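These are the residues of each chain, in order.
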Amino acid sequence: MSSLCHTSAVLVVFMALAVGVGAEQLEEKSCDVIGDESSESQMERALLKKLEPLSQMRFNVTVEKGKTENYIYHFRVCREVNSSQHDFGGLVQTDRQSGRTTVIGRINETQVFNGSDWIMLIYKGGDSYGRHCSGEKRRAVIMISCKRGVIASSFSIISEEREKEQECFYLFEMDSSLACPVEDSHLSVGSILLITFASLIAVYIIGGFLYQRLVVGAKGMEQFPHFAFWQDLGNLVADGCDFVCRSKPRNAPAAYRGVGDDQLGEESEERDDHLLPM
């Protein structure tokens, strides 16, 4: 019985070790800024955290120049392109004809900085050049520009600068809303007053309507709060408008030429006494 328990315990230990090793292998490495951890600035940490939503995405672009250059560039943000190789390759070039891969830049040698509407991610420590750039290590520069409404799009290669003696680089670009500045949503004083006034009017009308209908038991137009007051106010406003806007007196008597009393003359005082018998 004791040997069975001992065997079970050993199996449990081995399973735990296997799970731990598997979890460690599955855990992907992320960007490591060049220099000691203590020298990393808060800005660099903030920018890497801002780009974290792109880490689960993969980007590819194909470049074909004649028969000599036919490549596919694979890019990931702060993750290895091929985590099984453990080469820290964040941007990798694959020759479509020979299948040979070349690491352009590694995530364990990262630089990151930004401007008002862009973020620049630089992977250094790539595979060494052969005949170009004095055999120095390759470097990838990825310019992430602001484009609202898209998490990421338009990954492309712009150029490869390899005709210099030093500081050669591959230049890529892509669009992402993550590079956009935060939009201020502050309301002006006038907007706040307007919203407050409209809210108070809505509360007054709805609350008054419910009170008149449910408590007072009013029907029809009487359900409107303070209906008599607003009706009188409307009449007063109409009277004021009538008084100000009319150009003639409201009750002016009509006058007609040729029919005035002054044109009728006095009544003739002719007498017919001479017609009576004497």
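See above for the structure.
Residues numbered from 1 in each chain as written. Predicted model: local features only at pLDDT ≥ 70, side-chain atom pairs only at ≥ 80, totals over all residues. Heavy atoms only, no water.

A. Local environment of the nonpolar core. Counting 34 residues, the largest nonpolar core has Y73, F75, L91, Y123 and I142 as its most contacted members. Within the residue set of this core, elements represented by two or more residues are α2 (42–50), β1 (58–65), β2 (69–76), β4 (101–114), β5 (118–125), β6 (140–146) and β8 (169–176). Excluding anything up to four places from it in sequence, L91 contacts Y73, H74, F75, V81, T102, V103, I104, G105, Y123, A140, I142 and F172. (Core = buried A, V, L, I, M, F, W, Y, C linked by side-chain atoms within 4.5 Å. Buried < 20%, exposed > 50% of the residue type's maximum accessible area, 1.4 Å probe, protein only. Helix = DSSP H or I, 4+ residues; strand = E, 2+ residues; numbered from the N terminus. Contact = heavy atoms within 4.5 Å.)

B. Spatial organisation of α2. Buried residues of α2: E44, L47 and L48, and no others. What you see down the axis of α2 is that its buried residues fit within an arc of 100°, all on one side. Facing away from the buried side of α2 by more than 90 degrees, the exposed set consists of Q42 and K49. Its buried side turned inward, α2 meets β4 and β5. (Arc of directions from axis to C-beta.)

C. Seen up close, the sheet that holds β1. Spatial strand order, β1-β2-β3-β4-β5-β6-β8-β7: 8 strands in an open sheet with mixed pairing. Of all the strands in the sheet, the pair left with one neighbour each is β1 and β7 (153–161). Averaged over all adjacent pairs, the angle separating strand axes in this sheet is 25°, with direction ignored. Of the strand pairs in this sheet, β1 and β2 are connected by 8 bridges, and their pairing is antiparallel. Counted as the bridge partner of K65 is E69 from β2. (Pairing = 2+ DSSP bridges. Axes fitted to C-alpha atoms, helices over the stretch in contact; angles between N-to-C directions.)

D. Looking closely at the state of the cysteines. Evaluation of the coordinates by the stated rule reveals 3 disulfides. Between C31 and C78 runs a disulfide, and the two sulfur atoms are separated by 2.1 Å. Taking the sign of the S-S torsion, -100° for the link of C31 and C78, the bridge is left-handed. Of the two residues, C31 is situated in the loop between α1 (2–26) and α2 and C78 in the loop between β2 and β3 (89–95); the sequence distance between them amounts to 47 residues. The class of C31 is buried, set by a relative accessible area of 14%. (Disulfide = S-S within 2.5 Å.)

Nothing here speaks to function; it is geometry throughout.
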